[in-house]
Amino acid sequence: AGPGSYTVGTMSERFDCHYCRDPLQGKKYVQKEGRHCCVKCFEKICANTCIECKKPIGADSKELHFKNRYWHDSCFRCFKCYTSLVNEPFMLRENNKVWCSNCTAAEDAPRCKGCFKPIIAGDQNVEYKKMVWHKDCFTCSQCKKVIGSGSFFPKGDDFYCVSCHEHKFAKTCAKCKNPITSGGLTYQEQPWHSECFICSNCKKQLGGKRFTAVEDQFYCVDCYKECVAKKCAGCKNPITAGFGRGTSVVNYEDESWHDYCFKCTKCARGLANKRFVCHNGKIYCAECPKRL
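Residues numbered from 1 in each chain as written. Predicted model: local features only at pLDDT ≥ 70, side-chain atom pairs only at ≥ 80, totals over all residues. Heavy atoms only, no water.

What follows is about the overall build of the protein. Looking only at helices and strands, one finds four helices and 21 strands in the protein. Taking 292 residues into account, the globule formula puts the C-alpha radius of gyration at 19 Å, and the protein, at 49 Å, lies well above it. Per-residue burial for the protein yields a buried fraction of 30% across its 292 residues. The long-range fraction of contacts in the protein, counting pairs at least 24 apart against all pairs at least 6 apart in sequence, stands at 15%. On the protein, roughly 19400 Å² of surface is accessible, and the fraction owed to carbon and sulfur atoms is 46%. Considering the protein, the positive charge centre built from 47 side chains and the negative charge centre built from 30 side chains are found 8 Å apart. (Helix = DSSP H or I, 4+ residues; strand = E, 2+ residues; numbered from the N terminus. Rg over C-alpha atoms; globule rule 2.2 N^0.38 Å. Buried < 20%, exposed > 50% of the residue type's maximum accessible area, 1.4 Å probe, protein only. Contact = heavy atoms within 4.5 Å. Areas by Shrake-Rupley, 256 points an atom, 1.4 Å probe, with all protein chains shown as cover. Lys, Arg positive; Asp, Glu negative; His and termini not counted. Charge placed at Lys NZ, Arg CZ, Asp CG, Glu CD.)

As a further point, take unusual backbone geometry. Residue Glu189 is not a glycine yet carries a positive backbone phi of 65°. A relative accessible area of 78% means that Glu189 is categorised as exposed. Even without being a glycine, Lys203 presents a positive backbone phi close to 70°. Within the secondary structure, Lys203 is located in the loop between β15 (190-192) and β16 (211-214).

This paragraph deals with the domain arrangement of the protein. The domain architecture assigned to the protein consists of domain 1 (46-104), domain 2 (108-165), domain 3 (169-225) and domain 4 (228-289). On a C-alpha basis, the centroid separation for the pair domain 2 and domain 4 is 71 Å. (Domains from an automatic or database assignment.)

Here four bridges tie strand β2 (residues 28-32) to strand β3 (residues 35-38), and the two strands are oriented antiparallel to one another. Its bridge partner being in β3, Val30 is matched across the sheet by Cys37. (Pairing = 2+ DSSP bridges.)

Evaluation of the coordinates by the stated rule reveals one salt bridge. Among the salt bridges present, the one from Glu52 reaches Lys97, with a minimum N-O distance of 3.9 Å. You can see Glu52 sitting in the loop between α1 (39-46) and β4 (63-66) and its partner Lys97 sitting in strand β7 (residues 97-100), a full 45 residues away along the chain. (Salt bridge = Lys/Arg side-chain N within 4 Å of Asp/Glu carboxyl O.)

Among the structural elements, Phe276 can be located in strand β20 (residues 276-279). Between the C-alpha atom of Phe276 and that of Cys288, which follows or precedes it by twelve residues, the distance is 9.6 Å.

Attention shifts here to the packing of aromatic side chains. When we look at a pair of aromatic rings, we describe it by the centre distance and by the angle of the planes. According to the stated counting rule, one finds 22 aromatic pairs in the structure shown. With a centroid separation of 4.8 Å and 55° between ring planes, the pair formed by Trp133 and Phe138 is classed as tilted. Its relative accessible area of 1% is what places Phe138 among the buried residues. Seen in terms of ring centroids, Phe197 and Phe211 are 5.2 Å apart; in terms of plane orientation they differ by 85°. Their pairing is edge-to-face. With Phe197 in the loop between β15 and β16 and Phe211 in strand β16, the pair connects residues that are 14 residues apart, well separated along the chain. For Phe197, a relative accessible area of 2% puts it in the buried group. On the basis of relative accessibility, which here comes to 24%, the residue Phe211 falls in the partly exposed class. By the ring-pair criterion, three or more aromatic residues cluster together here, those being Tyr128, Trp133, Phe138, Phe152 and Phe159. (Phe/Tyr/Trp six-rings, centres within 6.5 Å; stacked < 30°, edge-to-face > 60°.)

Relative to the elements of secondary structure, Cys137 occurs in the loop between β9 (131-134) and β10 (152-155). Residues within four places of Cys137 in sequence aside, it is in contact with Cys112, Gly114 and Cys115.

The next point concerns the side chain of Asn48. With respect to the helices and strands, the residue Asn48 is situated in the loop between α1 and β4. With a relative accessible area of 18%, Asn48 lands in the buried category. A polar contact is formed between the side chain of Asn48 and the side chain of Glu63, at a distance of 3.2 Å. Those residues in contact with Asn48, other than ones at most four positions away along the chain, are Lys55, Pro56, Ile57, Glu63 and Tyr70. (Polar contact = N/O pair within 3.5 Å; in protein donor to acceptor, adjacent residues only side chain to side chain.)

What follows covers the pairing of strand β21 (residues 282-285). Summarising the sheet, β20 and β21 pair through four bridges and their orientation is antiparallel. Within β21, the residue paired with Cys278 across the bridge is Ile283. Where β20 hands over to β21, the hairpin turn is made up of two residues, of which Asn280 adopts a positive phi near 55°.

So, on to α1. Regarding α1, the residues found buried are Val39, Cys41, Phe42 and Cys46. The arc enclosing the buried residues of α1, seen along the axis, measures out at 160°, which places them on a common side. Away from its buried face, by an angle of more than 90 degrees, α1 presents the exposed residues Lys40 and Lys44. (Arc of directions from axis to C-beta.)

Next up, the structure:
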């Protein structure tokens with residue numbers, strides 16, 4: 001934009017300055033709003049004031065104006081980077097300061113939570129819960145390595161990569177002592193990997209299945225019957241208390257019976273929790289030996 005509201009020239013006719021009445025013939029003058037005035041009176045009375053340097057914009061200066069605000073062309077610079085904005089796009093911001101388009105974009109851009117610098121269009125970034133980081137500023141709170149767009153775990157105001165989270169927060173398997181990152185199970189208030197909680201004999205996983213523990217070893221039902229369970233002296237089948245019919249075991253000397261198999265050899269009366277007599281390796285109720 002240019003002056004437009006006044007004309008500068010050299011007076012060839014007989015005119016006096018409108019303000020000081022000095023003759024203008026042969027002198028440089030300014031014509032504004034139909035009035036002729038000398039350069040001195042123009043700068044003192046009529047000239048616009050530069051909004052930046054607060055000095056009058058003289059008749060010999062180039063003037064720029066925007067929305068009733070005026071600048072020397074040399075003062076029309078970006079408030080932030082001081083780049084000249086003559087013939088360049090600009091934005092008038094608070095306090096009547098002009099900004100170039102680049103500084104305006106940077107000022108209005110979201111700020112990185114890591115370095116606090118603006119994230120401008122085209123920058124790779126990470127967003128989480130209305131917070132934003134440059135991709136290279138999003139780092140693990142423990143090892144300080146860049147997480148970027150990788151997996152992470154939030155803990156309060158901190159963020160951890162998968163490896164650091166495992167070592168710092170994950171539960172440790174009671175068998176292999178390694179972190180449990182997903183899944184797993186608990187037995188007697190101890191955590192286990194599913195693949196570590198297995199039958200000691202057949203190695204099948206026991207999660208969600210019936211099993212029994214013997215001296216810190218775990219067995220599925222089949223392996224317990226085959227390898228661990230005592231054989232009933234009566235029916236010769238494994239005694240698996242809790243897995244099938246009968247929950248009690250009768251032990252006598254070096255032999256064991258299901259409670260329902262412990263009965264009189266002669267009358268078949270059940271003898272669990274009752275008096276009995278052992279004769280020639282056989283079990284009898286208290287009455288039957290008298291009839292032998």
